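Coordinate analysis (summary)
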There are 2 protein chains.
Amino acid sequence: MEAITIKDIAKLCGVGVSTVSRAINNHPDINEETKAMIMKVIRENNYIPNNSARNLKRTDSDVIAVLIKGITNPFFNGMIKTFEREIKRNKYSFILQTVHDKQNEIEVAIELIKEKKLKGIVFLGGNFSHSNEELSQISVPFVLSTIGTTQKPDKDICSSVSVDDFKESYKMTDYLCKLGHRKIAIITAPMYDESIGKLRLNGYLKALSDNGILPDKNLIRFMKDEIESYSIQNGYAVTKELLKSGEDFTAIFAICDALAIGSCKAIFDFGKSVPWDYSVAGFDGLDIAHYYNPSITTIKQPVEDMAEETIKILFDVILKKASAQHKIFHGKLVAGQSTRPI
Amino acid sequence: MEAITIKDIAKLCGVGVSTVSRAINNHPDINEETKAMIMKVIRENNYIPNNSARNLKRTDSDVIAVLIKGITNPFFNGMIKTFEREIKRNKYSFILQTVHDKQNEIEVAIELIKEKKLKGIVFLGGNFSHSNEELSQISVPFVLSTIGTTQKPDKDICSSVSVDDFKESYKMTDYLCKLGHRKIAIITAPMYDESIGKLRLNGYLKALSDNGILPDKNLIRFMKDEIESYSIQNGYAVTKELLKSGEDFTAIFAICDALAIGSCKAIFDFGKSVPWDYSVAGFDGLDIAHYYNPSITTIKQPVEDMAEETIKILFDVILKKASAQHKIFHGKLVAGQSTRPI
DNA sequence: TTGTAGGCGTTATCAT
DNA sequence: ATGATAACGCCTACAA
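As the structure is a computational prediction, the values presented were derived from the model and not from experiment. (Residues numbered from 1 in each chain as written. Chains lettered and ligands numbered in written order. Predicted model: local features only at pLDDT ≥ 70, side-chain atom pairs only at ≥ 80, totals over all residues. Heavy atoms only, no water.)

This brings us to the protein's contact with DNA strand D. Taken together, 24 residues are adjacent to DNA strand D, and A:Ile6, A:Tyr47, B:Gly16, B:Thr19 and B:Arg22 come closest. The protein-proximal atoms of DNA strand D, defined as those within 4 Å of the protein, are 55% sugar or phosphate. Between A:Ile6 and DNA strand D, the recorded distance is 2.5 Å, taken from a backbone N or O atom to a phosphate oxygen. One nitrogen or oxygen atom from the side chain of A:Tyr47 is found 2.4 Å from a phosphate oxygen belonging to DNA strand D. At the level of secondary structure, the elements contributing two or more residues to the surface near DNA strand D comprise α2 (17–24) and α4 (51–57) of chain A together with α2 (17–24) and α4 (51–57) of chain B. Looking at which element gives the most residues to the surface near DNA strand D, the answer is α2(B), with four residues. (Near = heavy atom within 4 Å. Polar contact = N/O pair within 3.5 Å; in protein donor to acceptor, adjacent residues only side chain to side chain. Helix = DSSP H or I, 4+ residues; strand = E, 2+ residues; numbered from the N terminus.)

Printed below as a string of structure tokens:
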């Protein structure tokens, strides 16, 4: 069962390798009949070209990679399909590359650029605290999509698409305040977090302050390190602890919908009701937030528009139509059944 | 900004390329000092070897790929981490390759084997109706993990790990019958489906029959083609239609948890209650089934055990410790708050 | 329109 | 322990 190569096909067809290559790559200057014959032989022998060899030789490739950290995050679900569709619409091909938790996405990117001769990259997810120096090692245009971080890289190094986490978080907290809540707990990322966790926490603090509410340290709760972050389980555990502590509060703002769902369940298991005993709000606008019972009040990020814009910007930069761009989208506060005025 | 190669590093270090290669690949016969020096130069120049060239030349690679169709399916969430952990524990490296809906996983597999010199493959998800002939083109050991199909391939061609979809579905339907339900609707895959949809439907029919219940055509509902299959949205749409039709029933068995959640929501929006007006059961045992309100009665698949066993079998075959194996796991019926006796 | 030959960046083989 | 050199499989001038 030795691997079959282009040479074997050439021999089988009685032609030169370059003719076979031309047939494979839809080259124009080749006789249609020979091409048909070659393709037939290829199919009959189940020949598949070796990509490593192709990539090695190729100089250019029209492929764009989407690097995603945290593939299991349902927030990305809708985006991935949009990326694929938009990239194909531009006649490029699309690679979805997963990056493991502890992998450095920059290194993965550089490796992949060399290997596949990429034209562009989309980074999705992760905390992304890389220095400008690291970032500038990436030799092709790239866009940071829905990546919130406190330490933004230089404006010209790369493009970005996201919502304003601070502002949206402010919006939600302010909404809860306007509903009459004064004792609002938050579930956020641990203190060392420098990305969305911090941004959303800051938005919360500012909204409280603008509503004349002093933040209560005991109501600022952090996800547990020993449980997967941003997970339902984490929201459940943190909320359970909060309830048991006997702390007085009327609303919980969880910085993502999964946490919010965990919160709700903890409240139910505690024998209380949402929203009658406690209001619960989330963030992201996942499908499940809408289908949960009660439906969760959340900030809906326009994920598909954001994904489209990501690709649009990327192609603008690739085709030199424009230089790096930074686009901020607005989230929409979707009021569900999980919050009520008091 | 020309790409830097192994030759450049060799020149920079004043050594031959083979010495650099030895340093990179942790070859034993190399002076520790030269190695350290070379690695230093490599780091300073941010040199990263070209994988295409490596793969092309390499004969052997100790890497295993997991090919997953439908990456957004939360059912796979827990499995992926287990695969990664188990593969690394065996000192192999792990590639997660996504397969798009319309892509042929066999072709992707063959391509990848050639490109990366894979040692083994895990197929995850998809309907997988491939002939033995196609399957036997795959030249390395592979395991079909949690792939249900009515037309199983030859026992020796590959291994498999799954639950018995027919039996588990029977179990759930029988459970509903024993609770006193006689008019049980099912939401399943369209008639042309030859995989889990059909298997689970057959289990349902057999259980009804064994309980002396005649199946009612109007209570057998199929996912809508125009909506993503196995999605919450689909469950919602189908259930809404069922409710509107005025059909008489007391329970719904949705063949996956996402469908079941959509069902519940449709029932709520119809002004009815789960489980008081209708009992709802799912299948798979997703986290969200437990955290939903009410928690969903479901068949919990032991996904982590199955993932572990998948890798165990794969290595057994790779290391020639054993030939192809086929392991059936048992699901566990987890009674939630979404079903009640009548 | 087709075939020949050289080279892409790396590793393996053989010398030294 | 190290260096030169021949592959790996493919694409692409260039020649025919």
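Attention now moves to the sheet that holds strand β9 (residues 279–281) of chain B. Residues and elements named next belong to chain B. The parallel open sheet is built from four strands, whose spatial order is β7-β6-β8-β9. At either end of the open sheet lies a strand with only one pairing partner, and these are β7 (220–222) and β9. Along the sheet, successive strands turn relative to each other by an average axial angle of 20°, direction set aside. Strand direction decides the pairing type here: strand β8 (residues 251–254) and β9, joined by three bridges, are parallel. Paired with Ile-252 across the bridge in β9 is Val-280. Set on the sheet, helix α9 (residues 196–210) makes contact with β6 (184–188), β7 and β8; between it and β6 the angle comes to about 170°. (Pairing = 2+ DSSP bridges. Axes fitted to C-alpha atoms, helices over the stretch in contact; angles between N-to-C directions. Contact = heavy atoms within 4.5 Å.)

Turning to the sheet that holds strand β11 (residues 326–329) of chain B, a few remarks are in order. All names here are of chain B. If you trace the six strands from one edge of the open sheet to the other, you get β2-β1-β3-β4-β5-β11, paired in parallel fashion. Of all the strands in the sheet, the pair left with one neighbour each is β2 (93–99) and β11. Put simply, the sheet's adjacent strands are angled 15° from each other on average, direction ignored. Contacts between helix α6 (residues 105–116) and the sheet are confined to β1 (63–69), β2 and β3 (120–124), with β1 contributing the most and set at about 160° to the helix.

Let's shift gears to the protein's contact with DNA strand C. Residues in contact with DNA strand C amount to 25 residues; listed here are only the nearest, A:Gly16, A:Thr19, B:Ile6, B:Tyr47 and B:Lys57. In DNA strand C, atoms within 4 Å of the protein come 58% from sugar and phosphate. Residue A:Lys57 places a side-chain N or O atom 3.5 Å away from a base nitrogen belonging to DNA strand C. Within the contact set of DNA strand C, a phosphate oxygen lies 3.1 Å away from a side-chain nitrogen or oxygen of B:Asn25. Contributions of two or more residues to the surface near DNA strand C are made by α2 and α4 of chain A together with α2 and α4 of chain B. Its residues assigned to classes, the surface near DNA strand C shows nine nonpolar, eleven polar and five charged. (Nonpolar A, V, L, I, M, F, W, Y, C, P; charged D, E, K, R; others polar.)

Turning our eyes to something else, we now look at the relation of the copies chain B and chain A. The pair of chain copies shares a relation made of a rotation about an axis and a shift along it. Structural alignment of chain B on chain A gives an RMSD of 0.2 Å, achieved by rotating through 180° and translating 0.1 Å along the axis. Expressed as an axis order, the relation between the two copies is that of a two-fold axis. Distance from the rotation axis, computed per C-alpha, reaches its smallest value in chain B at B:Ser52: 2.2 Å. Most of the interface of chain B is mirrored in chain A: 98% of its interface residues are interface residues there too. (Least-squares fit on C-alpha atoms with pLDDT ≥ 70 in both.)

The next thing to look at is the environment of A:Asp284. Residue and element names in this part refer to chain A. As for its position among the elements, Asp-284 is in the loop between β9 (279–281) and α12 (287–291). A sequence separation of 48 residues divides Asp-284 from Lys-332, and the C-alpha atoms of the two residues are 9.4 Å apart. Apart from the residues within four sequence positions on either side, Asp-284 is in contact with Phe-75, Arg-200, Cys-256, Asp-257, Thr-298, Ile-299, Lys-300 and Gln-301. Of note is the side chain of Asp-284, whose polar atom sits 3.0 Å from the side chain of Gln-301.

Turning next to the packing of α2(B) against helix α3 (residues 32–44) of chain B. Residues and elements named next belong to chain B. Taken N-terminus to C-terminus, the directions of α2 and α3 make an angle of 85°; their axes are 9 Å apart at the nearest point. With respect to their mutual orientation, α2 and α3 come out roughly perpendicular. Together, Thr-19, Val-20, Ala-23 and Ile-24 of α2 and Lys-35, Ile-38, Met-39 and Ile-42 of α3 make up the contact between the two elements. Its residues assigned to classes, the contact of α2 with α3 shows six nonpolar, one polar and one charged. (Parallel < 35°, antiparallel > 145°, perpendicular 65-115°, else oblique.)

Moving on to the pairing of strand β8 (residues 251–254) of chain A. All names here are of chain A. Side-chain alternation along β8 places Ala-251 and Phe-253 on one buried face and Ile-252 and Ala-254 on a second face that is also buried. Judged from the four bridges that link them, strand β6 (residues 184–188) and β8 form a sheet pairing that is parallel. Note on β8: the bridge partner recorded for Ile-186 is Phe-253. In this view, the connection linking β8 to its parallel neighbour β9 by way of helix α11 (residues 257–269) has right-handed handedness. (Buried < 20%, exposed > 50% of the residue type's maximum accessible area, 1.4 Å probe, protein only. Right-handed = clockwise from strand over helix to strand, strands pointing away.)

In this section: the pairing of strand β2 (residues 93–99) of chain A. Residue and element names in this part refer to chain A. Of the strand pairs in this sheet, strand β1 (residues 63–69) and β2 are connected by seven bridges, and their pairing is parallel. When the bridges of β2 are listed, Val-63 appears paired with Ser-93. The parallel pair β1 and β2 is bridged by helix α5 (residues 77–89), and the resulting crossover is right-handed.

Within this structure, the stated rule accounts for zero disulfides over all chains. Looking at A:Cys256, it has no disulfide partner, and the nearest cysteine sulfur is the one in A:Cys264, 12 Å off. (Disulfide = S-S within 2.5 Å.)

So, on to the packing of helix α1 (residues 6–13) of chain B against α2(B). All names here are of chain B. Axis separation between α1 and α2 bottoms out at 8 Å; the angle between their running directions is 105°. With respect to α2, the element α1 is oriented roughly perpendicular. For the pair α1 and α2, the contacting residues are Ile-6, Lys-7, Ile-9 and Ala-10 in the first and Val-17, Val-20, Ser-21 and Ile-24 in the second. For the contact of α1 with α2, the residue count by class is six nonpolar, one polar and one charged.

Listed per partner, the contact involves 45 residues of chain B and 44 residues of chain A. Roughly 4200 Å² of surface becomes buried between chain B and chain A when both sides are summed, with 54% attributable to carbon and sulfur atoms. When the buried surface of chain B facing chain A is broken down by residue, B:Ile48, B:Lys114 and B:Tyr291 rank first, second and third, together holding 17% of it. At the boundary of chain B and chain A, one finds four salt bridges. For B:Glu228, the salt bridge goes to A:Lys81, with nearest N and O atoms at 3.6 Å. Our enumeration of links across chain B and chain A arrives at 25 residue pairs in polar contact (both at pLDDT 80 or more). (Buried area = accessible area lost by both parts, 1.4 Å probe. Salt bridge = Lys/Arg side-chain N within 4 Å of Asp/Glu carboxyl O.)

Our focus in this paragraph is helix α8 (residues 165–178) of chain B. Residues and elements named next belong to chain B. Between its first and last C-alpha, α8 extends 20 Å over 14 residues, near the 20 Å set by a 1.5 Å rise per residue. Of the positions making up α8, those classed as buried are Asp-165, Glu-168, Ser-169, Met-172, Thr-173, Asp-174, Leu-176 and Cys-177. N-capping of α8 is provided by Asp-164, with a side-chain oxygen placed 3.1 Å from the backbone N of Phe-166. Two residues or fewer past α8, Gly-180 is found with a positive phi of approximately 105°. (Expected span 1.5 Å × (residues − 1).)

Here we take up the domain arrangement of chain A. With domains assigned, chain A is organised as domain 1 (6–57), domain 2 (59–164 + 302–330) and domain 3 (166–301). If you average the C-alpha positions of domain 1 of chain A and of domain 2 of chain A, the two centres end up 34 Å apart. (Domains from an automatic or database assignment.)

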